[in-house]
Structures are given as structure tokens and as C-alpha cells.
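Here is what each chain is made of, one letter per residue.
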Amino acid sequence: MAFARTCSVALAGVDGVVVEVQADLEPGVAAFTLVGLPDKSLTESRDRVRAAVVNSGVQWPQKKLTVGLSPASVPKSGSGFDIAVAAAVLGAAERIDPRVLADIVMIGELGLDGRIRPVRGILPAVLAAADAGYEQVVVPESAAAEASLVPGVSVLGVRSLRQLIAVLADEPVPDEEPEQQGRPDPLLSGLRAPGTGPATGMHGAGPADQDHDLADVVGQPAARTAVEIAAAGGHHLFLEGPPGAGKTMLAERLPAILPPLTRQESLEVTAVHSVAGLLPMSRPLIDTAPYCAPHHSATMQSLVGGGPGIARPGAVSLSHRGVLFLDETPEFSSQALDALRQPLESGHVVIARSAGVVRFPARFLMVLAANPCPCGRFSLKDQFCECPPSVIRRYQARLSGPLLDRVDLRVEVDRVTRAGLAACGTPGESTATVADRVRSARERAAARLAGTPWRTNSEVPGRELRRRWYAVPGALDEAEHSLDRGALTARGLDRVLRVAWTVADLVGHDRPDAGDVALALQLRTGVPRGTPMTIGAMT
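Scoring rules and cut-offs
- Residues numbered from 1 in each chain as written.
- Predicted model: local features only at pLDDT ≥ 70, side-chain atom pairs only at ≥ 80, totals over all residues.
- Heavy atoms only, no water.
- Core = buried A, V, L, I, M, F, W, Y, C linked by side-chain atoms within 4.5 Å.
- Buried < 20%, exposed > 50% of the residue type's maximum accessible area, 1.4 Å probe, protein only.
- Helix = DSSP H or I, 4+ residues; strand = E, 2+ residues; numbered from the N terminus.
- pLDDT = per-residue confidence, 0-100.
- Contact = heavy atoms within 4.5 Å.
- Phe/Tyr/Trp six-rings, centres within 6.5 Å; stacked < 30°, edge-to-face > 60°.
- Axes fitted to C-alpha atoms, helices over the stretch in contact; angles between N-to-C directions.
- Parallel < 35°, antiparallel > 145°, perpendicular 65-115°, else oblique.
- Left-handed = near helix turned anticlockwise from the far one by under 90°.

## Examining the nonpolar core
The biggest cluster of nonpolar side chains holds 55 residues, and the ones touching the most others in it are I229, L237, L239, L254 and V367. The greatest single-element share of this core, amounting to 9 residues, is contributed by helix α21 (residues 490–507). With 40 residues, the next largest nonpolar core counts L65, I83, V158 and L161 among its residues.

## Section: the confidence of the model for the chain
Scored by pLDDT, the chain has a mean of 87; 89% of the residues are at 70 or more. Here strand β10 (residues 202–203) stands out as the least confident element of the chain, with mean pLDDT 48; strand β5 (residues 104–106) is the most confident, with 97. Taken as a whole, residues 194–209 scores under 50 in pLDDT and shows 37 contacts with residues more than four places along the chain or in a different chain.

## Quick look at the packing of aromatic side chains
Tallying each qualifying case throughout the model produces 1 aromatic pair. Centroid distance F32 to W60: 5.6 Å. Interplanar angle 35 degrees. Geometry classified as tilted. Placement of F32 in strand β3 (residues 31–35) and of W60 in the loop between α2 (45–55) and β4 (64–70) is noted, with a sequence separation of 28 residues between them. In terms of burial, F32 and W60 fall into one category: buried.

## Side note on the packing of helix α20 (residues 477–485) against α21
For the pair α20 and α21, the least separation of the axes is 10 Å and the interaxial angle reads 165 degrees. Compared by their axis directions, α20 and α21 come out roughly antiparallel. Crossing hand, α20 versus α21: right-handed. In contact with A479, E480 and L483 of α20, α21 contributes A490, L493 and V496.

## What about unusual backbone geometry?
At the junction of S70 and P71, the peptide bond is cis and its omega measures out at 10 degrees in the coordinates. One non-glycine residue, E94, lies in positive phi territory at about 65 degrees. Mapped onto the elements of the fold, E94 is located in the loop between α3 (82–92) and α4 (98–101). Positive phi, close to 65 degrees, is recorded for R321, a residue that is not glycine. Along the polypeptide, R321 turns up in the loop between α12 (315–318) and β13 (323–326).

This is how it looks when you write it as C-alpha cells:
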């Protein structure tokens, strides 16, 4: 009896489990049995592996072949087990020394001609292998750069099964014929899922146009201040105003003023986009804040994740460590909006399906944009709106109170006047200037929060703020009076204190004073309190 084993990885969301792929050859009628709870796409690997082995110039063993995927209780899906299955079979047939295969993790799909194609989720799979103690990984050549992001792992990138056999058998490695010039490489097609291009509004490289600058926004000092505070502390933002006032412009420029991602954050974001099939082919590591702007017709599953079969990451996970922009927020379904409440608090999404439970990270900065009424012209300053009061109330009520209670900053974006446009010769601060202030504020917060599991003010629980980091005595009097009057909830008071700390970090105060809290309270409630709405006026 001939036996060989190697390893691969089964993914559940962005978490992976190392699976031992065992192959056993016995005398008997030639047959190929695959066991271990495989799904349809994995069951089809029997035909892919057989064709790939034969077309690679190796004789297929004419015996009873059983391939087992252990542990058998873990559901397994996808075509990433193909090269592990092929290597185990060749080891059992003694074409490859079985001892060489035992400590190697193999991930990749086989074409019928023996070429090895990449699959989605290479990075989280290699991370799972490294966590399990494996030091050698075999991946498709086109995904080697992504796999190499994991430290402490030796990565072998191969283009075909013939090359893999030669490397493992210590034979001369054959050269593969290059693709014709000017034609796309078909082996790269496995890195991107169908229908996930930049035009969907779900991509990890920031806004489609990298030339957007905050100086392009005319006027709107209050909204610009709110955007800066949101970036500095990771606070959620609600922009309300008429069409054409600049809400979308502000949201599109927010990712550019966020600090670059740390190494750990980059790996988290890259892992999510790799599983989703959104990882840019020329950019294996995403080091800037992602930006996701789904259409208002998006379903609840597309926002929080899910779908048939194995759950896929949704918009909240694709915007992890970045910005989720919901334009025309009242047009989203109430079910989809209310589903955001849990990830806004916990920073992750847990999706339960019959096939298992999947957990995706979802710590994002949410920006909501809405018109004041269906026609968009409602304002207390003029009478242009023709919507009946009942229609306005019904339109504004589409945003539930519990959802808005989780939003730290609420700003009314005013209509741009002719005088404002005429004054555009003196533009506001540029993205680079604001980004420098934001970075300095983040560094102050990081120094204060050193030794804790939190990095930004928005992540700190309210009880910890009240117990360990105090405001100036008397600074919270007005906010506490608002709590007594019912204008603030207990959660709202905690969020006012978090925003006040962010304002203090921006203006260079050691602790929030009454002015910092007043600005935070004004941004929280939308009620003017005579506080300057620009950071420069408070320094």
C-alpha cells in the first residue's frame, strides 16, 4: 500500500484551517474517490487533477485511489486544493518522495494542461499556515508576491505542475512558453472575482481619481472641520445638505487625509480584499485607506456580507480601516441600514450560515450623506422647497434613531452661493496640510493610548475615558446638562467626550477644555453654540 500526504488551507472568511491532504493507492479497479466534506467545485478537482497530471507527462496510477481531506468535519470549498491533491497522488505513486511533501503547504488551482492558476485568499491562507508553524508554501507564480508578505515563510512560486514536480524531485526545472506579447496572461484571471471592478464602488485603492484635493471644495468651513476631526479620531460623519453643495466631494477626499496604514492594518485589509477578489494585480499590499461607496440599491448581504454558499465579505469589510460612504442614505433600505448598527459598535461582522460561522473585520469610518427632503431644497433659510411637511418628516425618519445615535458628527452643508464661487481664488487648505495635522493628532492619541488595545479616540470605551483620561474640571458641565434634559443619550455623552479628545489632539491641548467639548457638542447635536467651527481659530 502506497501513501503520501501534504497540506493545504481551508478558508472560512479571512480565517484559515490547515488541512492535511492524504492520498492512498491500493490494488483494485482504477477509481478516484475524494472524501473529507468537499463542495462541488472541490469534487470536480478529480477531473482537473487527472488531466493535469497526464498532460504534464506523468502516467496516472491505474489503482484504487482515495484522497482524504483531514479534518473531515471542516467544510472545504474552492479549487485551491488542486496542487496539494496532485502532489499527494504523485507522492503515493512514488513519482515524488513522500517525505518531501509532508511539511509543505500548497495552494493553487490546476488547469487541464497542467498550468497553475491563482485563487482568491492567498494571503489569509499563508497567514494561517504560518500561524500553524509551517515554513514552506507553494503558490502560483503570479501570487508569489502576495504570499511573500507573510514574514518567516519560504514561498515557492511555480507556473505549472511540470515545474513543481521537477523542484520537488530535485530535477532540472523546465521552462514554460511565455504568453504572446500584447495578450493578457490568463493565469491572472483567478485573482479577481467577476463583477468586482472599480466601477462597482468597491475597491481598495482609494477613490478612482487620486488627484482630488481638499482645496477644491469651495467654502464649507464647518464641513471641512468635521471631515478633519473624523479623520483624526476615526469618528462617523453625517453630511446633510442640498444637491450640489459638496457632500460627495468631501467624502471622496476623506481617505487621502487619513494616515497610511500600519503593517498589521495593511495585512488585514489585503487579506479581506484577497478573499473578495478585489486585490489589485499590480499591488499585492494595500497600504492606503480603502474607500467603498456602494449604490443605494445595495442589499443587506452586499453591505454586511453573506450570499449563497460560503459567505463573502460585504462593503463594511471591504472598507475595513478605511471609509464607507453611503450617498443618498435615506434611499437605502431600512433593513440594510439597521444591519450596520452591530459592526459600528463591535468592529467586526459575524455571519451564521448552515455551512458554518464566518467572521470578517469591519472597523470602518462611516460617512452618511443625505438631502434634507426628497426635492433637496428644504432649508430654514429660504422657501424653495415644495414638499409637504409630512413628506419631509417621513423622508428624514428613514434614518433610524439608533443608527444616528452611533454617528459622532452631524453637519449641515450649506448651499454654495455666487459670492462663495467668486471667492474661489483663495482656496482653502490643501489635502497635504490637513493630512499633516491629522497625522500629528493621531500620534498624540497613540502616545496617550500606548499600552492599551486602542489606537484612536473613537475606539476607547466611555468607561475608560471617564476613569483614566479626564477633561478639564467643569468642561463637561454643558454636556451633562444636555444628558439630564434628554438631548443626549449616555452613548452620546461618551461620543462627545471622544470627539472632544480628538479636538484637543488637533489643537495641541493636553486635556479637553470647555471649548473643545463645546465644539464636540455642537457637532454632535447640530445646535449652534457660538463655538468657532475651524480648527485654526481654536489654536
